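# Structural features, examined
These are the residues of each chain, in order.
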Amino acid sequence: MARLLNAPPSSPFLSNLTASLRLVPPPFARRSLQFKVKCSSSGESQESESEAGTSSLSSATAGAASSSSGSTYKLCAGIGGVGFCETAYLTYLKLTNSDAFCPIGGSSCGDVLNSDYASVFGIPLPLIGMIAYGTVAALGIRLTGKDFPFGLGESNGRLVLLGITTSMATASAYFLYLLSTKFSGASCSYCLLSALLSFSLFLVTIKDFGFEEIQKTMGLQLCMVSLVVVTLSTAYSTTQSIPSSLAEMEIPFFTTEITTPSSTFAVSLARHLHSIGAKMYGAFWCSHCLEQKQMFGRDAAKILDYVECFPDGYKKGTKIAKQCADVGIEGFPTWLINGFERRARIVRACPSIWI
């Protein structure tokens, strides 16, 4: 071939053909060049596709985690809102000395809500619950909108939410224990609803944490549980327990002297209550009845129309006085004003031992 190309052409046609052959590269060089370019292009394309796939997978994983957390925050905000409404209603009743509407449990529900266990260090439990539920609802809303309060990041916000819900669930478990041991046979629909909401908040929050995260936050949870139990135990250490069966007790009748002086206002109020026929129903052992008499004072208490429901003392089989039974007295002290029964909320009510 080389000799043919270098030989002098014998005709114009051969001359043109020879020139064309010199301009066309050999077939193997063309294939080699194409092979090199194709190999380089394929490697870069594969690397780009691999990087794009990894980026897409990471974005999808992050999006799924964000969506799950968003649903958790919304659910916490909703449950917290329901709890806030319930406790706000009970707080209003507590501050206005009004009776709670108890669809289940009747009078026993009111006895639980007005017992010595219905406050912690003098602070009404409904008020504490309203603050807790309100905080959870507000935090859930802020975390949903990625608007972190007080400069907290999302991770710190989740820890705060976990700490609050853990405390609420622990307190609810403690109160359920008190309800079953100190108020045997009593029913409190509001207490059960609050416990259900607290446990739901805790489970929803803990579900958002993975197993490894739960292990890391176990110390925080144990600290919150211990703090709640110690606080409640200390608050109730001086509270007199309510016997589960007072029917076995025998209490002889006794009188207690009123030692406090009466103010002019107390005397005027006592006279007004007497003039409209208001009556106070109580029992001789009821410390809260005595507290109310002490509030009126020595002179004003003598003006009040007080009805003793157990004038002969109490022992097994003793029935409540007819005057008290006729108006359906279920706890002490109870006032009957203008034909309407009203459990006095100035102080807490004593248990009804004849039930």
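Residues numbered from 1 in each chain as written. Predicted model: local features only at pLDDT ≥ 70, side-chain atom pairs only at ≥ 80, totals over all residues. Heavy atoms only, no water.

Applicable threshold: UniProt positions are given in the numbering used here, feature names are shortened, and annotations may be inferred rather than shown by experiment.
The chain appears in an unreviewed UniProt entry as Thiol-disulfide oxidoreductase LTO1 isoform X2 from Rhodamnia argentea. On record in UniProt, under Sequence similarities (unreviewed entry), the comment for the chain is "Belongs to the VKOR family." Comment text from UniProt for the chain, heading Subcellular location (unreviewed entry), reads "Membrane".

### With respect to the UniProt feature "transmembrane region" (unreviewed entry) in the chain
To keep it simple, the criterion reads: Secondary structure elements are defined from DSSP: runs of H or I of at least 4 residues count as helices, runs of E of at least 2 residues count as strands, and each element is numbered from the N terminus.
According to UniProt, the feature "transmembrane region" (unreviewed entry) maps to residues 117-139, 159-177 and 183-206 in the numbering used here. Between the first and last C-alpha atoms of residues 117-139 the distance is 29 Å; the span itself is 65% helix and 17% strand. Between the C-alpha atoms that bound residues 183-206 there is a distance of 31 Å. The span itself is 75% helix and 0% strand.

### Points about the packing of helix H6 (residues 154-181) against helix H9 (residues 218-235)
Condition: Think of each axis as a best-fit line through the C-alpha atoms, taken over the contacting stretch in the case of a helix, with angles from 0 to 180 degrees between the N-to-C directions. An angle counts as roughly parallel when it lies under 35 degrees, as roughly antiparallel when it exceeds 145, as roughly perpendicular when it falls between 65 and 115, and as oblique in every other case. Crossing handedness follows the turn of the near helix against the far one: under a right angle anticlockwise gives a left-handed crossing, and clockwise gives a right-handed one. Residue contacts follow a heavy-atom distance rule, with two residues in contact if any of their heavy atoms lie within 4.5 Å. Each residue is assigned to one class: nonpolar for Ala, Val, Leu, Ile, Met, Phe, Trp, Tyr, Cys and Pro, charged for Asp, Glu, Lys and Arg, and polar for all the others, Gly among them.
In the contact formed by H6 and H9, the axes pass within 9 Å of each other and the chain directions differ by 40°. As the angle between them shows, H6 and H9 are arranged oblique. Crossing hand, H6 versus H9: right-handed. When H6 is examined against H9, the residues Leu159, Leu162, Gly163, Thr166, Ser167, Thr170, Ala171, Tyr174 and Phe175 are found in contact with a partner set consisting of Leu220, Gln221, Met224, Val225, Val228, Val229, Leu232 and Ser233. Residues that form the contact of H6 with H9 fall into these classes: eleven nonpolar, six polar and no charged.

### Some remarks on the packing of aromatic side chains
Note the following rule: A pair of Phe, Tyr and Trp rings is counted when the ring centres sit within 6.5 Å of each other, with Trp represented by its six-membered ring. The angle between the planes then sorts it: under 30 degrees is stacked, over 60 is edge-to-face, the rest tilted. Only protein chains enter the calculation, and the probe is 1.4 Å; a residue is then buried if its accessible area is under 20% of its type maximum, exposed if over 50%, and partly exposed in between. A ring is scored as having a charge over it whenever the NZ atom of a lysine or the CZ atom of an arginine sits within 6 Å of its centre and within 35 degrees of its normal.
Within the structure shown, the criterion is met by ten aromatic pairs. For the pair Tyr89 and Tyr190, a centre-to-centre distance of 6.0 Å together with 40° between the ring planes defines the contact as tilted. Of the two residues, Tyr89 is situated in helix H3 (residues 27-96) and Tyr190 in helix H7 (residues 189-208); the sequence distance between them amounts to 101 residues. Overall, Tyr89 belongs to the partly exposed group, its relative accessible area being 32%. A residue is classified by how much of its surface remains accessible, and Tyr190, at 13% relative accessible area, is buried. Pairing Tyr174 with Phe175 gives two aromatic rings, centres 6.4 Å apart and planes at 85°, and the pair type is edge-to-face. Cluster of aromatic residues (ring-pair linked, three or more members): Phe253, Phe254, Phe284, Trp285, Phe310 and Phe332. The lysine or arginine in question, Arg158, covers the ring of Phe209, its NZ or CZ lying 4.2 Å from the ring centre. Here the basic side chain of Lys293 rests over the ring of Tyr306, its NZ or CZ set 3.5 Å away from the ring centre.

### Some thoughts on the pairing of strand E3 (residues 279-282)
Under the convention used in this document: Strand pairing is assigned whenever DSSP identifies at least 2 bridges connecting the two strands.
Bridge count between E3 and strand E4 (residues 305-308): four bridges; the pairing is parallel. Along E4, the bridge assignment pairs Gly282 with Glu308. Pairing geometry for E3 and strand E5 (residues 334-337), over three bridges, is antiparallel. When the bridges of E5 are listed, Tyr281 appears paired with Thr334.

### Structural notes on the state of the cysteines
So the rule is basically this: Any pair of cysteine sulfurs within 2.5 Å is marked as a disulfide.
Applying the stated criterion across every chain yields a total of two disulfides. Between Cys188 and Cys191 runs a disulfide, and the two sulfur atoms are separated by 2.2 Å. In this structure, the disulfide formed by Cys188 and Cys191 twists by about 70° around the S-S bond and is classed as right-handed. Its relative accessible area of 0% is what places Cys188 among the buried residues. Covalently, Cys309 is tied to Cys324 through a disulfide, its sulfur atoms 2.0 Å apart. Its S-S torsion of about -90° marks the bond between Cys309 and Cys324 as left-handed, since a negative value means left-handed. Here Cys309, found in the loop between E4 and helix H13 (322-326), pairs with Cys324, found in helix H13; they are 15 residues apart in sequence, far enough to count as distant.

### Observations concerning H9
Note the threshold: Here a helix's expected span is defined as the number of its residues, less one, multiplied by 1.5 Å. What the arc covers is the set of directions going from the helix axis to the C-beta atoms.
Its 18 residues place the ends of H9 26 Å apart at the C-alpha level, agreeing with the 26 Å of an ideal helix rising 1.5 Å per residue. Burial in H9 covers these residues: Gln221, Val228, Leu232 and Ala235. With its buried residues spanning 80° around the axis, H9 presents them on a single face. Across from the buried face of H9, at angles greater than 90 degrees, the exposed residues are Leu222, Cys223, Leu227 and Val230. Residues of H9 that are buried sit in contact with strand E1 (119-120), H6, H7 and helix H8 (211-216).

### Considering the side chain of Thr165
What counts, and what does not: Polar contact is the term for a pair of N or O atoms within 3.5 Å; when the atoms are in protein, one must be able to donate a hydrogen and the other to accept it, and sequence-neighboring residues count only if both atoms are side-chain atoms.
Take Thr165: it is sitting in helix H6. Of the residues examined, Thr165 reaches a relative accessible area of 1% and is grouped as buried. A polar side-chain atom of Thr165 sits 2.9 Å from the main-chain carbonyl oxygen of Leu161. Residues in contact with Thr165, not counting those within four places in the same chain, are Val136, Leu201, Phe202 and Thr205.

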